[in-house]
Amino acid sequence: MGSITLTNIQKSYGAVHVLHDINLAINEGEFIVFVGPSGCGKSTLLRVIAGLEKVTGGELSINGERVNDVSAADRGLAMVFQSYALYPHMTVRQNLAFGLENAGMPKAEITQRIGEAARMLEIEQYMDRRPGQLSGGQRQRVAIGRAIVRRPTAFLLDEPLSNLDAELRVSTRAEIAALHARLRSTMIYVTHDQVEAMTLANRIVVMRAGRIEQVGTPLDLYNQPANRFVAGFIGAPHMNFIEGALESSNGTHMLRTAQGDVLHLPQSVAPGAPITVGLRPQHISLSNDQSGFAAQVQLVEALGSETVIHASAFGTKLLAIVPGQRRISTGDTIYLSYANAPLHLFDQSGLRIATVQTEDGHSPTFV
Amino acid sequence: MSSPSHTPPRTGQLKPKTDWSSVVLAPVHFIMGLADRPLRLLQKRAGIGGMAAFFLAPNMLIFGVFVLLPIIINLIYSMTGGSALFLSERSFVGTDQYAKLFDCKSYLDPMSCQEDAFWTAVGNTFWFVVLQVTLLILFSLITALILNRELMARSFWRAVFFFPVLLSPVVVGLIWKWILQRQGLLNFALYPMGFEPYTWLSDRTFAFAAAVGVSIWAHMGFYTLILLAGLQAIPKDLYEAAEMDGTKPARIFWRITLPLLMPNLLVVVVLALIRAVQVFDEVFVLTGGGPGTSTLFLTQYIYETGFVSQPRNAGLAAAASILMGLVLVVLTLVQLGIGRKNENKGKR
Amino acid sequence: MSAAIRFLTRRKGGKGWHWTDIVTWVWLIGGLFIMFGPAVWLAFSSFKTPQGLAEFPPSILPYVTQQVKVEGYEKPLMLYNAKMPDGSTRVLAEVRRIGIVSQMVDPKAPGEVIKVNIGDRQPVREVFFATENYTQPFMQFDFFRYLWNSVFVTVTATLITLIVNSMAAFALSKYEFKGRNLAMLTILATLMVPLSVILVPLYSIISTVGLFNSLWGVILPTVATPTGVFILRQYMLTIPDELIDAARMDKASEWQIYWRIIVPLTAPALAVLAIFSVVWRWNDFLWPLIVLSRRELYTLQVGLSIYAGELNVQWHYILAMTVVTMIPVVVVFIFLQRFITTGIAGSGLK
């Protein structure tokens, strides 16, 4: 049990519309991640599902039952908050017991459930401390524990890792993934960090300005982003975008930028249309001969295993990641190539028209 | 108030302590727990918004009956006459009560007025406010500046000056009445200097001075505390920077301390004004308004007109209290204005 | 100790005594005497007998003339140091005084009457605490009753204030509803409406609802303090809303959220309000004076002022009862000074 269906969900505060027409079906046992920039409505959507906010329109159902008018307490969901929201005046044990006591559960069962959760999360030795006496990571576990003991229909997690330091974030991420594998319950996870989204999710929901931009598995989003926004949001560092107009002559197709630079394309859409070409930094390679396109190096970040090159070409800034260590320095002119790389073509409104694979030798020429 | 922290500091101690507070509070928790079941039902019916009304109701009910309603009734009272207590038995007289209060041949001479006691009280209150607030702020500021120096046992000294603030006005009045009486400490202190024992409080001028002095004594600590908090909020590095520049101490005071303290100082002045206008308790116990009418102040006038004089004249008392209320409203608006200005400054 | 000496002798800039150092210490020491002196003087005076109080110049400590039982005299006699004509002094007991001549006897040899000029005799005195100043008013007068009334008013009013104010502050800080700003504004607007402005109508309301000459008539008008609502609300605004969301997810009812989450977390502010409420209600004077006209209902403050205002003032009892009235406030002050001072400095309330 644990399927959640959102049909035409709307939420507005007075004249301000925060959520527009959200449709989403979450399957039982699925790990769903809502991702998007801050202010995109992902947290509001989570709070709507939780019952902490009332919907203005549409229908929300859990396990096939309409729950629009059911209070947060009676929806059978549990939530882990960004700030953990542990009750500071209660011990860890009291924090875990509070919800169960409110539900009128017998004492013996409460003790048993708390013991189980404490063992699972390895927080047994802190049970009589107050949240203020715990470290960030320990508090985080208690917050998760408080959700687990409730045995909810679904877990709602609101940016649970954002208050942890980088190292702890990575390890806790893995633990949450392991927890999901073990409990097999539905989890809805909100984050603004696309790496978290990619690593944890069965399916990712990308949101922007109160709308769902795309729903899909992490690799779907990476390989076939529905639009320019998703393409830019998923993947790190961000995808490079080169804007220009499509031209065809003699059976070859190319993109001509405002500066007059030309990028050869293997496939044509309607000629004359202004489009954007997206190219991931990882798909750009250094060209040893001068067959690629020339680029001016602005900054080099040597990470050891790879080298990040900030360069300018096609009248824009371009990011390239090449494996290994290279002798390149700021100010150099280098030649880059996008042979054997997927190119994403977006139309003027930002929708993806096609993703095409370049071939060897399809390098741009300069006119 | 101290900056609120909701989490106790990390102590890292492991052994569980016996939580005595939970033992003591157990019966209270039990009673409050009993209230939960009916209130859950109420919440089911009224919703979460309805519960907000439930939480607000008791306070607003008491507040409405005992604060708001009287404010409204006061206006009606001030337009009625007679000596009956209940509104229904009182006759409407329009603005007669106000006319009576303002019926004067010359406003500079209280004796020429029909209600000479009112104008005496107004005059006394005016001079009291001017003198008391000026001296009060001066003494408080000096004390705060001194307490803000690097001082050993600062909290002890602060306590010394603060101590009378908590004393009841009756106690304050009695303490000083005892000191100023014929066999009192003041005469004792002056005796070696060749002064004959004197009944100070029967002297019109001295009784007034005593009223001013005693109320300063009683309230100074409060204002000192607020000013001290303001002084301590001035960043230390400003002083260090000024010292590095070789600024003279007097100049530091006038150019750094005083301007930065100004918001607090203004608040304190208005607060002191508001309180001074209402002076009553300690002076009433100390002098009873006498000798004669030399320490008769507005609140005492209202009290005596409405409750002591025979026949009681509630209408006149209400009219006088509304006039006093107007002064207080103006002062309060000034204070709110200052508060807002300070807030805006903080935002910038 | 050496640190103290070093501190006391340290001067501004280390260049000898700056005039500000002198002003500081003169001000502080002077303040010590002026602020503490009167109360200490009152406390000492309260242990004096009526004779001791009438003395001029007065002594600081309570003294009484020593008395002695002398054989052959029914009442105890006063002891004096009498200067004899030969220049020696003897301790004698006074039998009676006629004009400027005192007839005295030696307590050890009471047979012989010695006549001494009253200018030549000094009373033999000892420190004596007249504790009956304290016990008598409680037994003979109604002071025990007054004390009980004051305690009842203070405790009841404070409890109601804490509950009613915290509930209102909770509603005003953690709920969104229509009229919230209006309610807050009304409360703020009346923050400065003093009792003295609404005395007359308030009295008529109290009479109408039948609370005249009732301690509840003293209590009820004071409990919905705007100051209390205001400081509690300010404090509750700092409690994260996520805690309330978490509690709602944990199936807590709104009442439980108030009682189990908000109240414990607001404890520091509630403590400050409780302290202030106790001091306010204990010290209240004008309103009880108006509402209570029956002696057995007087609070300490009213009782004291009525007794002190009587023609034949019995100062020895008044002083003792003043000290009794002062005690709770002094105790509060000694133990909770830190709370009070930070409370005032932070919110400017009194």
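About the thresholds
Residues numbered from 1 in each chain as written. Chains lettered and ligands numbered in written order. Predicted model: local features only at pLDDT ≥ 70, side-chain atom pairs only at ≥ 80, totals over all residues. Heavy atoms only, no water. Helix = DSSP H or I, 4+ residues; strand = E, 2+ residues; numbered from the N terminus. Buried < 20%, exposed > 50% of the residue type's maximum accessible area, 1.4 Å probe, protein only. Contact = heavy atoms within 4.5 Å. Areas by Shrake-Rupley, 256 points an atom, 1.4 Å probe, with all protein chains shown as cover. Pairing = 2+ DSSP bridges. Buried area = accessible area lost by both parts, 1.4 Å probe. Salt bridge = Lys/Arg side-chain N within 4 Å of Asp/Glu carboxyl O. UniProt positions renumbered as here; feature names shortened; annotations may be inferred. Polar contact = N/O pair within 3.5 Å; in protein donor to acceptor, adjacent residues only side chain to side chain. Domains from an automatic or database assignment. pLDDT = per-residue confidence, 0-100. Phe/Tyr/Trp six-rings, centres within 6.5 Å; stacked < 30°, edge-to-face > 60°. Axes fitted to C-alpha atoms, helices over the stretch in contact; angles between N-to-C directions. Patch = residues over 30% accessible without salt bridge, like charges linked within 9 Å, V, L, I, M, F, W, Y side chains within 5 Å.

Novice: For this particular structure, what's the right way to read the overall build of chain C?
Specialist: Summing up its helical and strand segments, chain C has 15 helices and eight strands in all. Structurally, chain C occupies a C-alpha span of about 100 × 70 × 40 Å along its principal axes. When the 350 residues of chain C are sorted by exposure, 52% land in the buried category. Restricting the contact set of chain C to residue pairs at least 6 apart, pairs at least 24 apart contribute 63%.

Novice: How do you make sense of the overall build of chain B when you look at a structure like this?
Specialist: When helices and strands are counted, chain B shows 13 helices and two strands. Expressed as a percentage of the 348 residues in chain B, the buried residues total 46%. In chain B, of all internal contacts separated by at least 6 residues, the share reaching a separation of at least 24 is 63%. For chain B, the exposed surface amounts to about 17,700 Å²; the carbon and sulfur share of it is 67%.

Novice: Explain the pairing of strand β21 (residues 352–357) of chain A here, please?
Specialist: Consecutive side chains along a regular strand alternate between the two faces of the sheet. Residues and elements named next belong to chain A. Bridge count for strand β20 (residues 342–346) against β21 is five bridges, and the pairing is antiparallel. Paired with F346 across the strands is R352, a residue of β21. Between β20 and β21, which follow one another and run antiparallel, lie five residues, and G350 among them has a positive phi close to 100°.

Novice: In this structure, what is going on with the interface of chain B and chain C? I would like to understand it.
Specialist: Many descriptions give the size of an interface as the accessible area lost when the pieces come together. Taken together, the contact between chain B and chain C spans 104 residues of the former and 110 residues of the latter. Where chain B abuts chain C, roughly 9,800 Å² becomes buried across the two surfaces, and 79% of that area is made up of carbon and sulfur atoms. Across the chain B-chain C interface, the total number found is one salt bridge. Its salt-bridge partner being C:D21, residue B:R149 comes within 3.1 Å of it at the nearest N-O pair.

Novice: Please clarify how the UniProt feature "transmembrane region" (unreviewed entry) in chain C should be interpreted in this entry.
Specialist: According to UniProt, the feature "transmembrane region" (unreviewed entry) maps to residues 21–44, 146–170, 182–203, 215–236, 257–280 and 315–336 of chain C in the numbering used here. Helix and strand shares over residues 21–44 of chain C are 100% and 0% respectively, and the end C-alpha atoms of the span are 33 Å apart.

Novice: Help me out: how do you make sense of the side chain of A:K11 in this one?
Specialist: Residue and element names in this part refer to chain A. Locating K11 in the fold gives a position in strand β1 (residues 4–13). Its relative accessible area of 8% is what places K11 among the buried residues. Apart from residues no more than four positions distant in its own chain, K11 is found in contact with V16, H17, V18, L19, T44, V48, E53, K54 and T56.

Novice: I tried to follow the environment of A:R141 on my own but got confused; where do I start?
Specialist: All names here are of chain A. Its place among the elements puts R141 in helix α4 (residues 136–148). It is 31 Å that separates the C-alpha atoms of R141 and G210, two residues lying 69 residues apart in sequence. In terms of polar contacts, R141 uses its side chain to reach the backbone carbonyl oxygen of L121, at 2.6 Å. Among the polar contacts made by the side chain of R141, one reaches the side chain of E175 at a distance of 3.0 Å.

Novice: Just to check I follow, could you spell out the domain arrangement of chain C for this structure?
Specialist: All names here are of chain C. Looking at chain C, the domain boundaries give domain 1 (2–45), domain 2 (63–127) and domain 3 (133–347). Relative to domain 3, the C-alpha centre of domain 1 lies at a distance of 36 Å. Contacts between the two partners involve four residues from domain 1 and, on the opposite side, four residues from domain 3. A combined buried area of about 380 Å² lies between domain 1 and domain 3, and 83% of that area is made up of carbon and sulfur atoms. Looking only at domain 1, the three residues that lose the most surface to domain 3 are L42, A43 and S45, adding up to 83% of its buried area. The tally of links from domain 1 across to domain 3 stands at zero residue pairs in polar contact (both at pLDDT 80 or more).

Novice: I'm lost on the confidence of the model for chain B in this one. Help?
Specialist: Any region with low pLDDT has predicted coordinates that should not be read closely. Confidence along chain B averages 80 in pLDDT terms, with 90% of residues attaining 70 or more. Confidence, expressed as mean pLDDT per element, reaches its minimum in chain B at strand β2 (residues 91–92) of chain B with 74 and its maximum at helix α4 (residues 116–147) of chain B with 90.

Novice: Can you walk me through the confidence of the model for chain C in this structure?
Specialist: Residue and element names in this part refer to chain C. For chain C, the mean per-residue pLDDT works out to 81, and 91% of the residues sit at or above 70. For chain C, the element scoring lowest by mean pLDDT is helix α1 (residues 2–9), at 50; helix α5 (residues 143–174) scores highest, at 93. Confidence drops under a pLDDT of 50 for residues 8–12, and excluding neighbours within four residues, the segment shows ten contacts in the predicted structure. Here the predicted complex carries an ipTM of 0.81, next to a pTM of 0.81.

Novice: For this particular structure, what's the right way to read the sheet that holds strand β17 (residues 306–313) of chain A?
Specialist: Hydrogen bonds along the backbone pair up the strands of a sheet, which may run parallel or antiparallel. All names here are of chain A. Here five strands make up an open sheet; going across it, the order is β15-β19-β16-β17-β18 and the pairing antiparallel. Both outer strands of the open sheet, β15 (285–286) and β18 (316–323), are each paired with one neighbouring strand and no more. Both β17 and β18 contribute to a ladder of eight bridges, which runs antiparallel. Counterpart to A311 in the pairing with β18 is L318.

Novice: Please clarify how unusual backbone geometry should be interpreted in this entry.
Specialist: When glycine is set aside, most residues are seen to have a negative phi, and most peptide bonds are trans. Of note, the bond from A:A236 into A:P237 is cis; its omega dihedral lies within 30 degrees of zero at -10°. As for its position among the elements, A:P237 is in the loop between α8 (228–233) and β11 (240–249). With phi around 55°, A:R184 is a residue other than glycine that occupies positive phi space. Among the structural elements, A:R184 can be located in the loop between α5 (166–183) and β8 (186–191). We classify A:R184 as exposed; its relative accessible area is 66%. The phi dihedral of C:K251 is positive, around 65°, even though this residue is not glycine. Here C:K251 lies in the loop between α10 (241–249) and α11 (254–265).

Novice: Before we go on, may I ask you to explain the packing of aromatic side chains in this structure?
Specialist: In this description, an aromatic ring pair is defined by two values, namely the gap between the centres and the angle between the planes. Residues and elements named next belong to chain C. Applying the stated rule across the entire model yields 47 aromatic pairs over all chains. An angle of 50° between the planes, with centres 5.9 Å apart, marks the rings of Y146 and Y298 as tilted. Taken as a pair, Y146 in helix α5 and Y298 in the loop between α13 (286–291) and α14 (300–309) lie far apart in primary sequence, 152 residues in all. As far as the burial class goes, Y146 and Y298 line up, both buried.

Novice: Quick question: what am I supposed to make of the side chain of B:S215 here?
Specialist: Residues and elements named next belong to chain B. By the element assignment, S215 lies in helix α8 (residues 204–232). On the accessibility criterion, S215 (1% relative accessible area) is buried. When near neighbours in sequence (up to four residues on either side) are disregarded, S215 contacts F128, Q132 and E282.

Novice: Just checking my understanding: could you explain the sheet that holds strand β5 (residues 65–66) of chain A for this structure?
Specialist: All names here are of chain A. Across the sheet, four strands lie side by side as β2-β1-β4-β5; this open sheet has antiparallel pairing. Sheet topology places β2 (16–26) and β5 at the edges, where each strand pairs with a single neighbour. Inspection of the sheet shows β1 paired to strand β4 (residues 57–62) by five bridges, in the antiparallel sense. When the sheet's bridge partners are listed, T7 is paired in β4 with E59. Here helix α1 (residues 42–50) sits on the sheet and contacts β1, β2 and β4; the angle it forms with β1, its principal contact strand, is near 115°.

Novice: Could you clarify how one ought to interpret the pattern of salt bridges in this entry?
Specialist: Side-chain pairs of opposite charge can arise whenever the charged atoms involved come near each other. Evaluation of the coordinates by the stated rule reveals 22 salt bridges over all chains. With a shortest N-O distance of 3.8 Å, A:E53 and A:K11 are connected by a salt bridge. Of this pair, A:E53 sits in the loop between α1 and β4 while A:K11 sits in strand β1, and the two are 42 residues apart along the sequence. Note on accessibility: A:E53 and A:K11 belong to one class, buried. Among the ionic pairs, B:R40 bridges to B:D36, the shortest N-O distance being 3.2 Å. In this pair, B:R40 and B:D36 both sit in helix α2 (residues 36–77), four residues apart, roughly one turn of the helix. What emerges from the salt-bridge pattern is a single network uniting A:K11, A:R47, A:E53 and C:D245.

Novice: I'm lost on a nonpolar patch on the surface in this one. Help?
Specialist: Residues and elements named next belong to chain B. Together, V23, V24, L25 and V28 line one region of the surface with nonpolar side chains, adding up to about 330 Å² of accessible area. Counting through the fold element by element, V23 comes out in helix α1 (residues 20–34). Here V23 falls in the partly exposed class, since its relative accessible area comes to 48%.

Novice: Please clarify how α10(C) should be interpreted in this entry.
Specialist: Structurally, the α-helix is built with 3.6 residues per turn, so residues lying three or four positions apart point the same way. All names here are of chain C. Taken across its nine residues, α10 has eight buried, putting it largely inside the fold. Among the residues making up α10, those that are buried are E242, L243, I244, D245, A246, A247, R248 and M249. Phi turns positive, to about 65°, at K251, one or two residues after α10.

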